[in-house]
Amino acid sequence: MSANVWKLAALTLLSAVLVGCATPAPPYPTLVDNIEALKRVSAPPVGVGAFTVKSDVVGARSIGLRADSMTSPVGNDFAAYLADALQKELTLAGKLNPGSATVISGQLLKNDIAAGGMLTNSGEIEARFVVRRSDQERYNAVHRVEATWDSSFLGGVAIPKARQQYPMLVQKLLSKLFGDSLFQAALQ
Amino acid sequence: MAIKVLGWLATLLVVTLTGCAHPVSLSSDVSKLMGSGANKIDRKVGLVMTDEQRRFEQTTPSGGGDKVSYLPYRDLESGLYVVLSENFAGVTRVAGVNDPKVAADGLAFLVLPAIATTSFSPSLVTWPPTIFTVAVTLSVVDPRNNPVTEVKVQGEGRAEFDDFRTDVSLSAKRAAEDVLKKLMKAINDISAQLR
């Protein structure tokens, strides 16, 4: 009897900490700062090409968040999420033209979000962005961003918080790209 | 002994599980708002959103005695921006009437949003809200800060367990989508006043 009580209590406590289920990352929310940054670039609308994943990237298709996991809500991996984010920002800035000779493509090099920490957690994304115009490479650079945030002992707080950080990391990565004067020049 | 330990664990559970604020988001796919076909007002407007508003964290009740927390201005900012972009010839974000961009960009009006939210769940065992409301008031002023008009709309989002088990923010997102659609129509309805 007492063993059962112990087990029940332990399981209840454990489930409170680890509870969760496999869910997709939040759809990418556009950032007004990014839209306005793109609007300021005096360049004609551009296209978005292929976004791939470097072969050995852990977390490209699924990121573990304690007992939960997070997948991309678009395409098969988080490279598709990055491409979708870029397309959304370009669309809202009036800078997307699928038929343009200038095309932005990319490769996801690192992709991770942690939810295991009881006090803080962190995440990072790294990607290579390439701008080509009619087969001529005009830009090729790697950008990396990271973030740290307060977390919680409870899975019900830590997991949603980590999940919400992912699109913000992507926003930050695109802010870095759009703010690069060489990238802006490559679009012109 | 077992009863004593169980009592201690129960106390710990009560302490850790009650009163905590679970993070949710009101951000939705605002690109769906584009291409509304609204007859645009041929004037440029400024969306006033301060850093303080963007950092403002709201906490409201939810299920199981818990609460939810979110950043309503940050989460709705790009939706408001798109709604204004669909209704006006141009939109720029500004910090206030004294922002140099007001004169530099030739803004005809400034739009100041105020956001109020509620959330609720009758559940004793699950925390995500089943009902979420978002009320948005847009105060429209001229560049000298004289009132021009005011637009008020309220959106509501509902989500039951089968819906929110894959997205704990679902009722909040649905409320945000609802309020932005209503806002689009409400601005269009008073467009004659702003031309």
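Residues numbered from 1 in each chain as written. Chains lettered and ligands numbered in written order. Predicted model: local features only at pLDDT ≥ 70, side-chain atom pairs only at ≥ 80, totals over all residues. Heavy atoms only, no water.

This part takes up the sheet that holds strand β7 (residues 136–150) of chain A. All names here are of chain A. Read across the open sheet, the four strands follow the order β2-β5-β6-β7; overall the sheet is mixed. One side of each edge strand has no neighbouring strand; the edge strands of this open sheet are β2 (47–53) and β7. On average, each strand axis in the sheet is tilted by 20 degrees relative to the strand beside it, whichever way the strands run. Sheet strands touched by helix α3 (residues 78–92): β2, β5 (102–113) and β6 (120–133). Its angle to β2, the strand with the most contacts, is close to 160 degrees. The strands touched by helix α4 (residues 155–178) within the sheet are β5, β6 and β7, with β7 carrying the most contacts at an inclination of about 145 degrees. (Pairing = 2+ DSSP bridges. Helix = DSSP H or I, 4+ residues; strand = E, 2+ residues; numbered from the N terminus. Axes fitted to C-alpha atoms, helices over the stretch in contact; angles between N-to-C directions. Contact = heavy atoms within 4.5 Å.)

This part covers the sheet that holds strand β2 (residues 41–48) of chain B. All names here are of chain B. Read from one edge of the open sheet, five strands run β5-β2-β6-β7-β8, paired in mixed fashion. Each end of this open sheet is capped by a strand with a single partner; those strands are β5 (88–94) and β8 (147–158). For this sheet the average axis-to-axis angle between neighbouring strands, irrespective of direction, equals 25 degrees. Relative to strand β6 (residues 109–120), β2 is paired through three bridges, and the arrangement is parallel. Residue pairing for β6: glycine 46 is matched across the bridge by leucine 110. The sheet strands contacting helix α3 (residues 72–87) are β2, β5, β6 and β7 (131–141), and the helix crosses β5 at an angle near 155 degrees.

One can describe the packing of helix α2 (residues 32–40) of chain A onto α3 of chain B by two numbers: an axis separation of 9 Å at closest approach and a directional angle of 45 degrees. The pairing of α2 of chain A with α3 of chain B is recorded here as oblique in orientation. When α2 of chain A is examined against α3 of chain B, the residues Val32, Ile35, Glu36 and Lys39 of chain A are found in contact with a partner set consisting of Glu77, Ser78 and Tyr81 of chain B. Partitioning the contact of α2 of chain A with α3 of chain B into residue classes produces three nonpolar, one polar and three charged. (Parallel < 35°, antiparallel > 145°, perpendicular 65-115°, else oblique. Nonpolar A, V, L, I, M, F, W, Y, C, P; charged D, E, K, R; others polar.)

For the rest of this paragraph, the subject is helix α6 (residues 170–189) of chain B. Taking 1.5 Å per residue as the helical rise, α6 of chain B with its 20 residues ought to reach 28 Å, and the 29 Å between its terminal C-alpha atoms agrees with that figure. Each element contacted by the buried residues of α6 of chain B is listed here: α3, β5, β7, β8, α5 (161–164) and α7 (191–194) of chain B. (Expected span 1.5 Å × (residues − 1).)

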